[in-house]
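Summary of the model geometry
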Amino acid sequence: MTTETARGRVSTVMHVRCPDRLPDATYRLVLEQMAELSPIVQALPPTAALVELKGALRYHQVGADVGRLARMLRVRTLTRRGVDLRIGIGPTISVAATASAQVPEPGGVLVVAADRAADWLAGLPVEALYGIGPRQAEVLHDYGIHTAGLLAAIPAETVQRLLGGRAGRLARERARGIDPRPVIPRSLPASATVSCTFPRHTLDGADVRAALLGLVVQLGLLLRRRGQAPGALTLTLTFAGTGRWSKTQRLPEASAHDDDLRTAAYRLMDAAGLQRGRLTGLSLRGEELRDADTVAQQITLDHSREARLVAEAAVDRVRDKFGAGVIGPAAVFRAAS
């Protein structure tokens, strides 16, 4: 059974593109707007998402008017959040994503009917197809394949020889509007990772500590913007050659504050017991993420900590206004200079 038949030949997959460089907190609010429309929302951070509208059509009593639901979402996010959306709707994920990319900025809605999807795709250049990268498009162009319609008509074996087995099969299927993947409900990822590499092999010391502190600051800012807090941290060290070392430590309580993340990160680094290991990179991952609003705030009599948290909030506001790199720990700035 094809995807179109399964959907009763009504396009129900919505692909939503938010503006580039959208703050994480605003992206989360836009996801909430989508959840008001349908319970099946798949986040595609940092600025996109999928929505399955099949059940929403019945709930909102709009018949098969998926365009009306898309316009409703666009108006709500524009008036409530000040964010305009580019929305594509199609019978499959790839058709919907291709459609949303064809919507001109700043926003709009494009609905591709299920029984017209193949014809609509046929007139597009191959580079407009969702999932076709610049290098794949270049290879296809070299062999005179410039449109999705021509790509769809070429034998599968030929496309697979040009692009590789799996990549060729997927490219040809998407050119024909075939994509059996369902929309899977998923909120923001349950982990967040920041990493850095050293321009040359680095021994444990001040430079490594400064780099780790820089990752702490990046991770903390990322999580606070998302409104999330990790319950554990994982530090991964990459050594010259193929060596890697990784260790996870749970936090006493979930927190995205720099103080708490730094303490845990330094303990992990101490646990590595480095002697003369030549490091090529560091990676710090926050795991077991949860909504920061659900984390119980412990009462504390530590006035210095409270002062640091107030200062952290002020620094975050400066970064939001002028950029993440304008302010930070002195050790990080010295290491970067």
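Look above for the structure.
Residues numbered from 1 in each chain as written. Predicted model: local features only at pLDDT ≥ 70, side-chain atom pairs only at ≥ 80, totals over all residues. Heavy atoms only, no water.

Quick look at the packing of helix α2 (residues 24-37) against helix α4 (residues 66-81)
- Contact geometry for α2 and α4: axes closest at 10 Å, N-to-C directions at 145°. The chirality of how α2 crosses α4 is right-handed. Here α2 contributes L29, V30, Q33, M34, E36 and L37 to the contact with α4, which in turn contributes L69, M72, L73, R76, T77, R80 and R81.
- Looking at the contact of α2 with α4 residue by residue, the class counts come to seven nonpolar, two polar and four charged. (Axes fitted to C-alpha atoms, helices over the stretch in contact; angles between N-to-C directions. Helix = DSSP H or I, 4+ residues; strand = E, 2+ residues; numbered from the N terminus. Left-handed = near helix turned anticlockwise from the far one by under 90°. Contact = heavy atoms within 4.5 Å. Nonpolar A, V, L, I, M, F, W, Y, C, P; charged D, E, K, R; others polar.)

Some points on α2
- In a regular helix each residue adds 1.5 Å, so 14 residues correspond to 20 Å; α2 covers 20 Å between its end C-alpha atoms and thus fits that length.
- Taken residue by residue, α2 has D24, T26, Y27, R28, V30, L31, Q33, M34 and L37 as its buried positions. (Expected span 1.5 Å × (residues − 1). Buried < 20%, exposed > 50% of the residue type's maximum accessible area, 1.4 Å probe, protein only.)

Points about the sheet that holds strand β4 (residues 86-90)
- Reading across the sheet, the five strands line up as β2-β3-β1-β4-β5 and stay open at both edges, with mixed pairing between neighbours. The strands lining the two open edges of the sheet, one partner per strand, are β2 (41-44) and β5 (108-111). Adjacent strand axes in the sheet meet at a mean angle of 15°, parallel and antiparallel pairs treated alike.
- Against the sheet, α2 makes contact with β1 (13-17), β2 and β3 (48-52), and its axis sits at roughly 160° relative to β2, the strand it touches most. (Pairing = 2+ DSSP bridges.)

A look at the nonpolar core
- By size, the foremost hydrophobic cluster in this structure holds 28 residues, and its most contacted members are L233, L237, M269, L279, L282 and L284.
- The set of elements that each furnish at least two residues to this core consists of β6 (191-202), α11 (206-226), β8 (232-239), α12 (258-272) and β10 (279-287).
- Not counting residues within four places of it along the chain, the set of residues in contact with L284 comprises A192, T193, V194, L215, V216, L219, L233, T234, L235 and A265.
- Counting 25 residues, the second-largest nonpolar core is a separate cluster that includes M14, V30, M34 and V41. (Core = buried A, V, L, I, M, F, W, Y, C linked by side-chain atoms within 4.5 Å.)

Brief notes about the packing of aromatic side chains
- For the structure shown, the criterion picks out zero aromatic pairs.
- In this structure, R209 is placed above the aromatic ring of Y266, and the distance from its NZ or CZ to the ring centre is 5.0 Å. (Phe/Tyr/Trp six-rings, centres within 6.5 Å; stacked < 30°, edge-to-face > 60°. Lys NZ or Arg CZ within 6 Å of the ring centre and 35° of its normal.)

Points about the pattern of salt bridges
- According to the stated counting rule, one finds 15 salt bridges in the structure shown.
- The partner of E173 in a salt bridge is R169, with the nearest N and O atoms 3.6 Å apart. Pair noted here: E173 and R169 are both in helix α10 (residues 165-175), with a separation of four residues, about one helical turn.
- Residue class for R169 comes out partly exposed when judged on its relative accessible area of 37%.
- By sharing partners, the salt bridges in this structure join R224, D258, E312 and D316 into a single network. (Salt bridge = Lys/Arg side-chain N within 4 Å of Asp/Glu carboxyl O.)

Quick word on unusual backbone geometry
- Looking along the chain, the bond that leaves E105 and enters P106 is cis, with omega of 10°.
- Within the secondary structure, P106 sits in the loop between α5 (93-102) and β5.
- Unlike most non-glycine residues, R21 shows phi in positive territory, near 60°.
- On the basis of relative accessibility, which here comes to 78%, the residue R21 falls in the exposed class.

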